[in-house]
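Geometric and topological summary
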Amino acid sequence: MTEISVRDRVLRAVEDMPGDTTFEDVMERVYMLQKIERGRRQTAEGNGVPREAAKHNMKRWHEYLVPTSCDTARERFAKGRTAACPERISLA
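What this report covers is the structure whose coordinates are included nearby. In this convention, every chain numbers its residues from 1, walking through the sequence in written order. Local features are withheld for residues below a pLDDT of 70 in this predicted model, meaning they are given only at 70 or higher, and side-chain atom pairs are given and counted only at 80 or more; totals for whole chains, interfaces and linings count all residues. Processing note: side-chain calculations cover all non-hydrogen atoms of the structure and skip hydrogens and water entirely.

In this section: the overall build of the protein. Each helix and strand in the protein was counted, giving four helices and zero strands. Each helix and strand of the protein, ordered N terminal to C terminal, gives the series α-α-α-α. In this scheme, a residue with accessible area under 20% of its type's maximum is buried, one over 50% is exposed, and one in between is partly exposed, where area comes from a 1.4 Å probe on protein chains only. With 92 residues in all, the protein has 8% of them scored as buried. Any pair of residues with heavy atoms lying within 4.5 Å of one another is described as a contacting pair. A separation threshold of at least 6 residues defines the contact pool for the protein, and within that pool the share at least 24 residues apart is 6%. Methods summary: accessible areas were calculated by the Shrake-Rupley approach with a probe of 1.4 Å, and residue burial reflects only the protein chains presented. With the model as given, the accessible surface of the protein reaches about 8300 Å², and the carbon-plus-sulfur share is 55%. Labels follow the DSSP assignment, with helices taken as runs of H or I lasting at least four residues and strands as runs of E lasting at least two, numbered in each case from the N terminus.

Attention now goes to a negative patch on the surface. On the surface, a cluster of negative charge is made up of Asp20, Glu24, Asp25 and Glu28. Within the secondary structure layout, glutamate 28 lies in helix H2 (residues 23-44). By relative accessible area, which is 56% here, glutamate 28 ends up exposed. Any residue with relative accessible area above 30% and no salt bridge may belong to a patch, with like charges joined within 9 Å and the nonpolar Val, Leu, Ile, Met, Phe, Trp and Tyr side chains within 5 Å. By convention in these notes, a salt bridge is any Lys or Arg side-chain nitrogen within 4 Å of a carboxyl oxygen on Asp or Glu. Charge assignment: positive for Lys and Arg, negative for Asp and Glu; neither His nor the chain ends contribute. Charge placement uses NZ in Lys and CZ in Arg. For Asp and Glu, CG and CD serve respectively.

In the structure shown here, the tally under the stated rule is three salt bridges. Put simply, arginine 7 and aspartate 8 hold a salt bridge, and the shortest N to O gap is 2.9 Å. The class of arginine 7 is exposed, set by a relative accessible area of 60%. The salt bridge involving lysine 55 is made with glutamate 52; its shortest N-O contact spans 3.8 Å. With lysine 55 and glutamate 52 both in helix H3 (residues 51-65) and three residues apart, this pair spans about one turn of that helix. For lysine 55, a relative accessible area of 44% translates into the label partly exposed.

Helix axes use the C-alpha atoms of the stretch in contact, all axes being lines fitted to C-alpha atoms, and the angles between their N-to-C directions lie in the range 0 to 180 degrees. Remark: helix H1 (residues 6-15) packs on H2, axes separated minimally by 10 Å, with the N-to-C direction vectors making an angle of 135°. Accordingly, the angle class assigned to the pair H1 and H2 is oblique. Taken as a pair, H1 and H2 cross one another with a handedness that is right-handed. From H1, Arg9, Val10, Ala13 and Val14 reach across to H2, where they touch Val26, Arg29, Val30, Leu33 and Glu37. Each residue is assigned to one of three groups, with Ala, Val, Leu, Ile, Met, Phe, Trp, Tyr, Cys and Pro labelled nonpolar, Asp, Glu, Lys and Arg labelled charged, and all others, Gly among them, labelled polar. Tallied by class, residues from the contact of H1 with H2 come to six nonpolar, no polar and three charged. When describing relative orientation, an angle under 35 degrees is termed roughly parallel and one over 145 degrees roughly antiparallel, while 65 to 115 degrees is termed roughly perpendicular and anything else oblique. In this scheme, a crossing is called left-handed if the near helix is turned counterclockwise away from the far one by less than a right angle; it is called right-handed if the turn is clockwise.

Right, dumping it as structure tokens:
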């Protein structure tokens, strides 16, 4: 089986996008494809992150990005960080 060229993958990705797609949307999609390809190549070369380490990292990121209270979300927002809050936050 032959491998699909980068050009063909990009064209397919763009063709699958909706008609009102912006240049920024296209660039984000191409950048994402590049990152996926880089990750696949690194994994094939044995330079990937072990599954358990990745799960641990994702758990830590989730704990950081999704606070347990709105007070924590407000504190993170005040410091310029994005944070989700289970309730609506009024910053007025």
